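Inside the fold
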Amino acid sequence: TAERVCVCVCVLSSDVCVCPGSSHRAACAAGKTAVLRLHVCLRLRSDNKVTVHFINRDGEKIAAKGSPGDSLLDVVINEDLDFDGFGACEGTLACSTCHLIFDDEVYKKLGPVTDEEMDMLDLAYGLTETTRGKRQQTLKVKMTSGTAEFLKDSFTLSLSSRLSSVFLSSRLSLVFLSSRLSPVFL
Amino acid sequence: MSGRTLLWTLGKSGWTKRLHEGFSGCGKAFLSSSSPKVCIVGSGPAGFYTAQHLIKARQDVAVDIYERLPVPFGLVRFGVAPDHPEVKNVINTFTQTAKHSRCSFYGNVNVGKDVSVVELQQAYHAIILSYGAEGNRSVGVPGEDLAGVYSAKDFVGWYNGLPSCQELSPDLSCETAVVLGQGNVALDVARILLCPVDVLKQTDITQPALEALAQSQIRRVLIVGRRGPMQVACTIKELREMVNLPDSRPEMVAADFEGVTEALKDLPRPRKRLTELMLKTAVETPGEKEQRRRASASRVWGFRFFRSPVEILAEPGRGRAAGIRLAVSRLEGSGEGARAVLTGDVEDVSCGLVISSIGYKSLPIDPTVPFDSRRAIVPNSNGRVRQATGLYCSGWLKTGPTGVIATTMNNSFDTARSLLEDMDSGTLDVSAAKPGSQSIGALLEKRVGPGHSWRPYLIL
């Protein structure tokens, strides 16, 4: 399903301002003379998937896509990944057949481990310091690169989390959008 | 079905989807008579995981699973505690396997009695014995036959609905129960004995067991072991459940934990976390909230270490258990290999219920199959039965009666791999056609009679 998002692009004499929706229009333009003002309606395609790379026990790297909110076990099942002998308890934290070993960097970013998860992992074959139960890791959509910082002030976070990247060039009066967004000019 | 289960079943693909080609719910695949035919004896996790692996690996293998009981799944159905329903989720994947076009399940067939292994070998290219451990180790002390003394296997079978254990009617009118053994089964028994009835009501425990437990007078359960805290065979999840059991408080002997704190740092993580939790529960003064909770608890549980049963004592004039005489032991050596040595002292504990949970035991079912009676397993090398061709084993029969479902899964995959290797290399000749279930079926009809329902069991 597509979602429509309205933004207001105000090109000022010295600057470009991009604001969400029409509510900000008045506040933004007050005190400044806009050279150009555009209302841009963005239709977002909701295939905002995240790529996950799995490495199986033979060292093979397998890439798969998941949706935000999926658990990694959901990704393995939905994407039909060729792994053997996982999911004995069907994701209810009652066995140790699905567990993942993460790089230190990634492991540190994961949420806290519960006692119950640790108890199950104690039974896991090939346990390491950076093992986590697969069922427990949900995908978070992350903004990539510096565009996040730039836009954070202009957009609410929930809006920016939907866009993979929006480039704003101070020299130009239009907003360049990534290929995932198809702008509709009103 | 819950939404999550439905999603699981619909979305499930990958390695189970690859098994399901030909899933039609009725008619099985017609296979040429020269396709390799494998017979698996026993339909618990070992049997099903071995079957799964074989079916996935080769498109021409047909697997028939024979089971003594009318229903499949073995200990997953009859051994897993009723308050651990998630562990039983494997039944879903096993059901899918049984429905596969190249897999057939036959219940009510007693291999060794209704049909011999030799007869199976004539009908199949390979036999995989995965019938687990239906016996139990006996304590071997006087008084073991008194009323009020049960094996954990029978007690668990009773509350789980195993047909042969439904007449057990254990008397729960005493105050103290003693469980011998400190593995997960011992903790399951202790937990079911002390679990609040409101919680048990929500599980699939049998109605008679629920009613008996609702009337139970048991308020104290001692879980007794010959060795010390660092030798317990249970795992941390089960221990944590005891610690968190509503309306129950722990009571242990602090002196039993001497030297444990010092030894912690050298332990591997699973043993370390388990020992830490036990130590904390046994000797630490808890916070206020926990202190209040313990003070108001109506039931007590605790480990008793360094105690070995020497006799179960009867009530004078009655043939029922009234107490147990325990010999005091001390430890020689440390770690997994530590041995209990008797000191000469004894201690009597009053109790009306004694449950021995010192291990299941495999039994030989056919004289032509090699059997190691000391270890109670079928002697094998990677699942290939020693001094036999075309005979394999998986699960507890192969490695002894310990391990969770995941352990059995790996164990079974190993055996399947051995068989596949032998088929591929020609060590096992699968070129000659074999009749499979057709000849066994005819044999059973003749021997047991047409009324006997050995027919393919429809899994509902």
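Under the annotation held in an unreviewed UniProt entry, chain A carries the name 2Fe-2S ferredoxin-type domain-containing protein and is attributed to Kryptolebias marmoratus. In UniProt, chain A has this text filed under Cofactor (unreviewed entry): "[2Fe-2S] cluster".

So, on to the overall build of chain A. Scanning chain A for helices and strands turns up six helices and 10 strands. Here chain A, with 186 residues, has 40% of them falling under the buried criterion. Summarising the internal contacts of chain A: among those between residues at least 6 apart in sequence, 53% fall at separations of at least 24. Accessible surface, chain A as shown: approximately 10800 Å² in total, 53% of it carbon and sulfur.

Residue and element names in this part refer to chain B. Under the defined criterion, the tally for this structure stands at 14 aromatic pairs over all chains. An angle of 90° between the planes, with centres 5.9 Å apart, marks the rings of Y49 and F413 as edge-to-face. Pair noted here: Y49 is in helix α2 (residues 45–57) and F413 is in helix α15 (residues 405–425), with a separation of 364 residues, a long-range link. In this structure, Y49 and F413 share a single accessibility class: buried. Through successive ring pairs, a cluster of aromatic residues spans F48, Y49, F73, F94 and F413.

So, on to the sheet that holds strand β6 (residues 149–151) of chain B. Residue and element names in this part refer to chain B. Sheet architecture is open: six strands sit in the order β6-β14-β7-β8-β10-β9, paired in parallel fashion. Looking at which strands have only one partner, the edges of the open sheet turn out to be β6 and β9 (248–250). Ignoring which end each strand starts from, the neighbouring axes of this sheet average 20° apart. Bridge count between β9 and strand β10 (residues 299–304): three bridges; the pairing is parallel. Bridge pairing in β10 links S248 to R299.

Within a beta sheet, neighbouring strands are joined by backbone hydrogen bonds and run either parallel or antiparallel to one another. All names here are of chain B. Spatially, three strands are ordered β11-β12-β13 in an open sheet, and the strand pairing comes out antiparallel. Two strands lie at the open edges of the sheet, namely β11 (307–314) and β13 (339–350), each paired on one side alone. Between one strand axis and the next, the sheet turns through 20° on average, direction left out of account. Sheet topology places β11 next to strand β12 (residues 321–332); seven bridges connect them, and they run antiparallel. Residue pairing in the sheet places I312 in a bridge with I324 of β12.

All names here are of chain B. Tracing the backbone shows T415 in helix α15. With a relative accessible area of 0%, T415 lands in the buried category. Each C-alpha atom of the pair T415 and P270 lies 27 Å from the other, and the pair is 145 residues apart in sequence. Beyond its immediate chain neighbours, meaning those up to four positions away, T415 contacts I128, N382, G383, Y392, C393, S394 and K398.

Moving on, we come to the pattern of salt bridges. Residue and element names in this part refer to chain B. Applying the stated criterion across every chain yields a total of 31 salt bridges over all chains. Two residues, D424 and R58, come together in a salt bridge whose shortest N-O distance is 3.1 Å. One end of the pair, D424, is in helix α15; the other, R58, is in the loop between α2 and β2 (62–66), with 366 residues separating them in the sequence. A residue is classified by how much of its surface remains accessible, and D424, at 59% relative accessible area, is exposed. In this structure, R271 and E336 form a salt bridge, with 3.4 Å as the shortest nitrogen-oxygen distance. Of this pair, R271 sits in helix α12 (residues 269–283) while E336 is found in the loop between β12 and β13, placing the two residues 65 residues apart along the sequence. R271 sits in the buried class, given a relative accessible area of 13%. Residue class for E336 comes out exposed when judged on its relative accessible area of 59%.

If you look at the biggest cluster of nonpolar residues, it comprises 53 residues, and the most contacted ones within it are B:L193 and B:F303. When residues in this core are grouped by element, the largest group, seven residues, is from helix α7 (residues 184–194) of chain B. Apart from residues lying up to four places away in sequence, B:L193 is in contact with B:F155, B:L172, B:A177, B:L213, B:I218, B:V221, B:R299 and B:L353. By size, the runner-up hydrophobic cluster in this structure holds 35 residues, among which are A:C89, B:A51, B:I65 and B:F105.

Calculation notes
- Residues numbered from 1 in each chain as written.
- Chains lettered and ligands numbered in written order.
- Predicted model: local features only at pLDDT ≥ 70, side-chain atom pairs only at ≥ 80, totals over all residues.
- Heavy atoms only, no water.
- UniProt positions renumbered as here; feature names shortened; annotations may be inferred.
- Helix = DSSP H or I, 4+ residues; strand = E, 2+ residues; numbered from the N terminus.
- Buried < 20%, exposed > 50% of the residue type's maximum accessible area, 1.4 Å probe, protein only.
- Contact = heavy atoms within 4.5 Å.
- Areas by Shrake-Rupley, 256 points an atom, 1.4 Å probe, with all protein chains shown as cover.
- Phe/Tyr/Trp six-rings, centres within 6.5 Å; stacked < 30°, edge-to-face > 60°.
- Pairing = 2+ DSSP bridges.
- Axes fitted to C-alpha atoms, helices over the stretch in contact; angles between N-to-C directions.
- Salt bridge = Lys/Arg side-chain N within 4 Å of Asp/Glu carboxyl O.
- Core = buried A, V, L, I, M, F, W, Y, C linked by side-chain atoms within 4.5 Å.

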